[in-house]
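# Secondary and tertiary structure notes
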Amino acid sequence: RATLYAMTNVGNVSVPPRTRLPWPGVAAWIAAWAAMLLLDGHVDLASLALILVLASAFVALWSPLPVSIAACAAAVLGFDYAFVPPRGTFTVDLRHDALLLVTMLVVTWLVALLVARQRERAAGERLQAMRAGQLLTLGEALRDAEDPRACGSRLQEGLASLVAGTASLFMVDGPAPAADDPAAVLEVGGLSPDERAGLWLSLREGRALGPGTGRYEEQDAWYLPMRGRQSCFGAALLRFASVPPDSDAVR
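Presented here is a report on the structure given in the accompanying data block. The model shown is predicted, which means the values in this text are computed figures rather than measured ones.

Reading the values: the criteria
Residues numbered from 1 in each chain as written. Predicted model: local features only at pLDDT ≥ 70, side-chain atom pairs only at ≥ 80, totals over all residues. Heavy atoms only, no water. Axes fitted to C-alpha atoms, helices over the stretch in contact; angles between N-to-C directions. Helix = DSSP H or I, 4+ residues; strand = E, 2+ residues; numbered from the N terminus. Parallel < 35°, antiparallel > 145°, perpendicular 65-115°, else oblique. Left-handed = near helix turned anticlockwise from the far one by under 90°. Contact = heavy atoms within 4.5 Å. Nonpolar A, V, L, I, M, F, W, Y, C, P; charged D, E, K, R; others polar. Pairing = 2+ DSSP bridges.

## Quick notes on the packing of helix α3 (residues 45-62) against helix α4 (residues 65-83)
Each pair of packed helices can be described by the angle between their axes along with the distance between the axes. The N-to-C vectors of α3 and α4 enclose an angle of 160 degrees; their axes lie 11 Å apart at closest approach. One element, α3, and the other, α4, form an angle in the roughly antiparallel class. Pair α3 / α4 crosses with right-handed handedness. Contact residues: Leu45, Leu48, Ala49, Leu52, Ser56, Val59 and Ala60 in α3; Ser68, Cys72, Ala75, Val76, Phe79 and Phe83 in α4. A class-by-class count of the residues in the contact of α3 with α4 yields eleven nonpolar, two polar and no charged.

The following block contains the structure:
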């Protein structure tokens, strides 16, 4: 059942959006304000500001970027109102406190942006790992299938989603023919004459071609053999949408 699921759903994987619970961020702000109120009068204004900056870093871990930016701006305004002389107003002494408030705002926004970028990258890596795992399961299923060509369209979709580009396939029923015989292969996806020649070469030699493979690296796509238990049952052409993925993926 797991194999059948992978064969019919590869390429349609998406990382579920992480639940955005507001309570960790709210708790961080509450703790920060409680600490600033307790330390008020015991430490200087700059030290109190560091507590707010630290809280903004914790809030950014759980909140979406727009919420983090808005919360940081509101917190700096609240800090100005509660702690910056004259207290109870939004008046700022340009000679002493304006630079502190501007620096707080810039630093908290910068922290929010950096954390949001790291969260986005982590989500992308999780997505790639999930897709790669399903493609691995599909590859094992193809090796054992009586006629792997029946899974060609699903495999094409999965490979295209993996490189965020397009994919085409050469699939044969049995050993690769000695001559370029179009009737001996099933083509999935459009191919140019040069691409077709590259797939024939990859299929016969059972070796990858393209960037990072050590062979024909001037190509702008990968030509990858699809190896079975005894021989190759096809070859895949992966065209990149922009920058080729890490060449370690070829291996």
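Still to come is the rest of the account.
## Overview of the sheet that holds strand β4 (residues 232-239)
With antiparallel pairing, the four strands of this open sheet are ordered in space as β2-β1-β4-β3. Each of the sheet's edge strands pairs with one partner strand only, and the pair in question is β2 (185-188) and β3 (221-227). With direction set aside, neighbouring strand axes in the sheet form an average angle of 15 degrees. Both strand β1 (residues 166-172) and β4 contribute to a ladder of six bridges, which runs antiparallel. Looking at β4, one finds that Ser168 is bridged to Leu237. Taken strand by strand, helix α7 (residues 193-205) contacts β1, β2, β3 and β4, and its axis lies near 140 degrees from that of β4.

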